[in-house]
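Read off the chains here:
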Amino acid sequence: MTAPKKQLIINAFAMQAPGHLNPGLWKYPTDTSTQYHSIKHWISLAKKLEKAKFHAIFFADVLGGYDVYNGPANLDATIPAAAQFPINDPLYSIPAMAAATESIGFGVTASTTYENPYMLARKFSTVDHLSEGRVAWNIVTSYLDSAARNFGLDTQVEHDERYRIANEYMEVAYKLWEGSWRDDAVTAAPKGSYANPKAVRQINHKGKHFDIPGPHVCEPSKQRTPFLFQAGTSSAGRTFAATHAEAIFLNGHTPELVRPSVDSIRAQAKEFGRDPNSIKIVAGLLVIVGETDEKAQENLKELASYGDREGALALFGGWSGYDLGKYGDDEDFRFLDTAPPAVRSMVNHWAKSSPEGTKWNKKTIAEHLIIGGNGAKVIGSAKTVADELGRWADVADVDGFNLSYAAVPETFDDIIEHLLPELRRRGLFWDDYAVPGGTLRENYLGLAGHSRLSETHPGAKFFWRPGEEAPAYARKGTNGVKKANGVKETVDSSAKRQRVA
């Protein structure tokens, strides 16, 4: 008996900036990305994507400019191309988009390196309330030196140390979201009380990086913990993802190259006691689809003519940390001994799929990155693209895709008109949301009533269940109550008040 086909998760991959992975395309005649600062722009896009049954809009974000190219601290190539600059915080637009829709989810990128977990927990609880449970947190540790400098650091925190900080950060967040308000704190409150004061507790977290007493200032939202995305392919990033993420965003040029990361994450998740198949893995792709292969290729060529090569090299500098401005225009990076090994490795990899005789100089690198960035690109008719998406699902064992754009809304309009009907014809994409009007977690996992973290997720150990005096994790220590000078403290403890005073 043939196994049923895996229905794909389809997200729109966006950024609240005039340029995302398409520097210079803001000049394309029908592109509306320059309206990124208009809430009407985002509401219109959200409604369009929900009508087409996209699972979610996944918003990337950065906290600094791409200033490595021709640097240091040089934005001269970034600004004209609008290469992820200027950029707005996406979180604040989510309630408006949610109010205009019913089922589509919203993934928002936020950093564990530069924002206190107490404040982040409040923001996401607020938006989870206002969106009725349709928000996800894309957990990042940040990668731009420009961001570090603007947060008072000389350089970035060391890579693996950022993930050690992130692990403690997640513990704090789980304590606030899951272990500060008992499940029945409001629903079983004494008569005349909004909430039961005995069912709201301080978390009293004291760790290496954070000292946060709590309690969480927001009452529990539909999901409590927002649905958790993560994007990271380093060894530390994969371990973090296998521990915490419910969905993982991976980039790679071919499904064969992505598969080892997928296998590694699922194997580690199993070691950590999680169901490896419960973790949804989505690959980043740029899809340009047309009526025929030839028309799609013509469209790509037309779009690329508006691209900004210098902006593409600025993006490369930020992603890699290497300044290609130091090298001559005609130097082929495959054979350049003075180029960093990582750059030579990347270029040699790209060259494998390029025509023979291509000279991989700065111009070629820029043209390779100018639409879709460093991710895979699938160009062709609906049949061609659907064949390749199906191959990715089979070979890489991914569950779906984050589809970026060359132009807004044209790229998504073409996907909706040409690709989605073909995927539906093949049984690879749903006709409607699994849980119309449900939470993001319910629709992503396809499980009605599954709005909370699963019982095998590490955050579940912080659940404070109805009727319990304190969460189970806290009862193993001091019954969830911190002692000061030998006196137990609760939220309204006189000992606590005296010590603060």
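Cut-offs and rules
Residue positions are counted from 1 within each chain, in the order its sequence is given. Predicted model: local features are reported for residues with pLDDT of at least 70 only, side-chain atom pairs are reported and counted for 80 or more only, and whole-chain, interface and lining totals are derived from all residues. Values reported for side chains reflect all heavy atoms of the structure, with hydrogen atoms and water molecules removed beforehand. Put simply, DSSP H or I for four residues or longer makes a helix, DSSP E for two residues or longer makes a strand, and each gets a number counted from the N terminus. With C-alpha atoms as the basis for the radius of gyration, the globule rule is written as 2.2 Å multiplied by the number of residues raised to the power 0.38. Residue burial is assigned from relative accessible area. The probe radius is 1.4 Å, only protein chains are included, and a residue is buried under 20% of its type maximum, exposed over 50%, and partly exposed in between. Residues are treated as being in contact if the distance between any of their heavy atoms lies within 4.5 Å. Accessible areas in this description were obtained via Shrake-Rupley with a 1.4 Å probe; residue shielding takes into account the shown protein chains only. Axes here refer to lines fitted to C-alpha atoms; in helices the fit is confined to the stretch in contact. Angles between the N-to-C directions go from 0 to 180 degrees. Throughout, the term roughly parallel applies to angles under 35 degrees, roughly antiparallel to angles over 145, roughly perpendicular to angles from 65 to 115, and oblique to all others. Crossings are assigned a handedness: left-handed for a near helix turned anticlockwise from the far helix by less than a right angle, right-handed for a clockwise turn. Only rings of Phe, Tyr and Trp enter the pairing, Trp through its six-membered ring, and a pair is recorded when the two centres are within 6.5 Å. The plane angle decides the type: under 30 degrees is stacked, over 60 is edge-to-face, the rest tilted. Put simply, a charge is over a ring when the Lys NZ or the Arg CZ is close to the ring centre, within 6 Å, and near the line of the ring normal, within 35 degrees. Put simply, a nonpolar core is a bunch of buried Ala, Val, Leu, Ile, Met, Phe, Trp, Tyr and Cys residues held in one set by side-chain atoms that sit within 4.5 Å of each other.

## Quick word on the overall build of the protein
For step 1, the next point in the chain: A tally of regular secondary structure across the protein gives 17 helices and 13 strands.
For step 2, the next point in the chain: Against the compact-globule benchmark of 23 Å for 501 residues, the protein has a radius of gyration of 24 Å, which places it among compact chains.
For step 3, the next point in the chain: Dimensions of the protein along its principal axes, counting C-alpha atoms only, are 75 × 55 × 45 Å.
For step 4, the next point in the chain: When burial is assessed residue by residue, the protein has 56% of its 501 residues classed as buried.
For step 5, the next point in the chain: A separation threshold of at least 6 residues defines the contact pool for the protein, and within that pool the share at least 24 residues apart is 76%.
For step 6, the next point in the chain: Total accessible area on the protein stands at roughly 21300 Å², and carbon and sulfur atoms take up 52% of it.

## Let's talk about the packing of helix H7 (residues 235-244) against helix H8 (residues 255-271)
For step 1, the next point in the chain: At their nearest, the axes of H7 and H8 sit 8 Å apart, and the two run at 50° to each other. By the angle between their axes, H7 is oblique relative to H8. The interaxial crossing formed by H7 with H8 has right-handed handedness. Across from Arg-238, Thr-239 and Ala-242 in H7, the residues of H8 making contact are Ser-261, Ser-264, Ile-265, Gln-268 and Ala-269.

## Concerning the packing of aromatic side chains
For step 1, the next point in the chain: Taken as a whole, this structure holds 26 aromatic pairs when the rule is applied.
For step 2, the next point in the chain: Here the aromatic rings of Phe-13 and Phe-58 are separated by 5.3 Å at their centres, their planes lie at 65°, and the arrangement is edge-to-face. Of the two residues, Phe-13 is situated in strand E1 (residues 9-15) and Phe-58 in strand E2 (residues 56-60); the sequence distance between them amounts to 45 residues. Residue Phe-13 shares its accessibility class with Phe-58, and that shared class is buried.
For step 3, the next point in the chain: Considering the side-chain rings of Tyr-66 and Trp-319, the 6.5 Å spacing of their centres and the 85° angle between planes classify their relative orientation as edge-to-face. In this pair, Tyr-66 is assigned in the loop between E2 and helix H2 (78-81) and Trp-319 in helix H10 (residues 309-320), connecting sequence segments 253 residues apart.
For step 4, the next point in the chain: Put simply, the rings of Phe-13, Phe-58, Phe-227, Phe-229, Phe-249 and Tyr-444 pair up and form one aromatic cluster.
For step 5, the next point in the chain: Here the guanidinium or amino end of Arg-201 rests over the ring plane of Trp-464, the centre of that ring lying 6.0 Å away.

## A look at the nonpolar core
For step 1, the next point in the chain: Counting residues in each nonpolar core, the largest one holds 88 residues, and the members touching the most others are Phe-54, Ile-57, Trp-137, Phe-401 and Leu-423.
For step 2, the next point in the chain: Ignoring any residue separated from it by four or fewer positions in sequence, one finds Trp-137 in contact with Val-108, Ala-110, Thr-112, Leu-120, Phe-124, Tyr-169, Met-170, Trp-177, Pro-226, Phe-227, Leu-228 and Phe-229.
For step 3, the next point in the chain: Residues Leu-25, Tyr-327, Ala-339 and Ile-371 belong to the second largest nonpolar core, which totals 30 residues.

## Focus on unusual backbone geometry
For step 1, the next point in the chain: Omega for the bond connecting Gly-71 with Pro-72 falls within 30 degrees of zero, at 15°, which places this linkage in the cis form.
For step 2, the next point in the chain: By the element assignment, Pro-72 lies in the loop between E2 and H2.
For step 3, the next point in the chain: Pro-86 follows Phe-85 through a cis peptide bond whose omega is 0°.
For step 4, the next point in the chain: Residue position: Pro-86 is located in the loop between H2 and helix H3 (94-99).
For step 5, the next point in the chain: With a phi angle near 55°, Gln-84 is a residue other than glycine that sits in the positive phi range.
For step 6, the next point in the chain: Of note in this structure, Arg-224 is not a glycine but carries a positive phi near 60°.
For step 7, the next point in the chain: Note that Arg-224 resides in the loop between strand E6 (211-212) and strand E7 (227-230).
For step 8, the next point in the chain: Given a relative accessible area of 4%, Arg-224 falls into the buried group.

## Looking at the environment of Gly-179
For step 1, the next point in the chain: Turning to its location among the elements, Gly-179 is positioned in helix H6 (residues 159-179).
For step 2, the next point in the chain: Ignoring anything within four residues of it in the chain, the contact list for Gly-179 reads Tyr-174, Arg-201, Phe-462, Trp-464 and Pro-471.

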